[in-house]
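# Notes for the structure review
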Amino acid sequence: MALASVSDLKKYMDITFSNTQEEAALMIITGLEADLEHYIGRPVTAASFSETYVAEANYSGSSASSFFYDYNIDRTSSSVTDVSKPPYVLYTRQTPIVSVTSVTIQGQTDSAATAQAVGNDYVVRRYGIDLFRVNDNDKIVITYTAGLDAATDNTSALKLVVLRAASREVQNLHDDVVGMKDLTTRNVAPVTTGFTPEELTSVKRWRRVRVA
């Protein structure tokens, strides 16, 4: 689902479009939102993704009887629980995570069975999941929904930035088309296309910081 629609743009500009102009406006909005997603490093609306990872060699996840995995253990006890390693942290390519549909873990040996991770096998974070039953070279397949959510992330400012840029693009398109139809150069001041530096600065708070 797009962050802004052609209907939103018509209301914002208080104009009507022909069928051809609506198609052009949709292309403009789609392109601008793709540029915005590239700049902030995350989807501007929630979408479904499926990704495959392989756990590093020589990795052993937490013991199934560890403090991290067993929710039924006595946390008031003073005894020490042996834990082989912290949980395997899987950082997904798209964030923030809205929900996880499925997580499948498969060993690398011929006889290894594919296991569907459920319940206490993992914990969902906004930027990935913590897995508690991962071994060396395990293949992990995760299907999830990620992206900014209008209710929790307040994306109204992002939508406004898209509409501002789209209105300029539509105005430029109109002036160019009329000029070509008239076969004359129109005395119209050039309008900035794309996002302005000020608009990009205003959306930096949504920008994803990646660690190299």
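Okay, so let's go over this structure. Treat the numbers as computed from the prediction; the structure is a model and nothing was measured.

In this section: the environment of E23. Looking at where E23 falls in the secondary structure, it is placed in helix α2 (residues 19–40). What makes E23 exposed here is its relative accessible area of 54%. Sequence separation between E23 and V6 is 17 residues, and the spatial gap between their C-alpha atoms is 8.7 Å.

Before going further, it helps to examine the sheet that holds strand β4 (residues 114–117). Taken in spatial order, the four strands line up as β1-β7-β3-β4 in an open sheet, and their pairing is antiparallel. Where the open sheet ends on each side, the last strands, each with one partner, are β1 (47–54) and β4. Across the sheet, the mean angle from the axis of one strand to that of its neighbour is 20 degrees, orientation sign disregarded.

Before going further, it helps to spend a moment on unusual backbone geometry. Here the residue pair T95 and P96 is connected by a cis peptide bond, since its omega of -5 degrees sits within 30 degrees of zero. Its location among the elements puts P96 in the loop between β2 (88–91) and β3 (97–106). Within the chain, D14 stands out as a residue other than glycine whose phi angle is a positive 55 degrees. Within the secondary structure, D14 is located in the loop between α1 (6–13) and α2. Despite not being glycine, N137 has its phi angle at roughly 60 degrees, a positive value. Turning to its location among the elements, N137 is positioned in the loop between β6 (128–131) and β7 (139–146). In this structure N137 comes out as partly exposed when scored by relative accessible area, which is 32%.

With that out of the way, let us pick up the packing of α1 against α2. Remark: α1 packs on α2, axes separated minimally by 9 Å, with the N-to-C direction vectors making an angle of 100 degrees. Between α1 and α2, the crossing angle belongs to the class labelled roughly perpendicular. The segment α1 lies against α2, with V6, L9 and K10 engaging E22, A25, L26 and I29. When its residues are assigned to classes, the contact of α1 with α2 shows five nonpolar, no polar and two charged.

About the cut-offs
- Residues numbered from 1 in each chain as written.
- Predicted model: local features only at pLDDT ≥ 70, side-chain atom pairs only at ≥ 80, totals over all residues.
- Heavy atoms only, no water.
- Helix = DSSP H or I, 4+ residues; strand = E, 2+ residues; numbered from the N terminus.
- Buried < 20%, exposed > 50% of the residue type's maximum accessible area, 1.4 Å probe, protein only.
- Pairing = 2+ DSSP bridges.
- Axes fitted to C-alpha atoms, helices over the stretch in contact; angles between N-to-C directions.
- Parallel < 35°, antiparallel > 145°, perpendicular 65-115°, else oblique.
- Contact = heavy atoms within 4.5 Å.
- Nonpolar A, V, L, I, M, F, W, Y, C, P; charged D, E, K, R; others polar.

Fair warning: the whole summary comes from geometry, so function is off the table for now.
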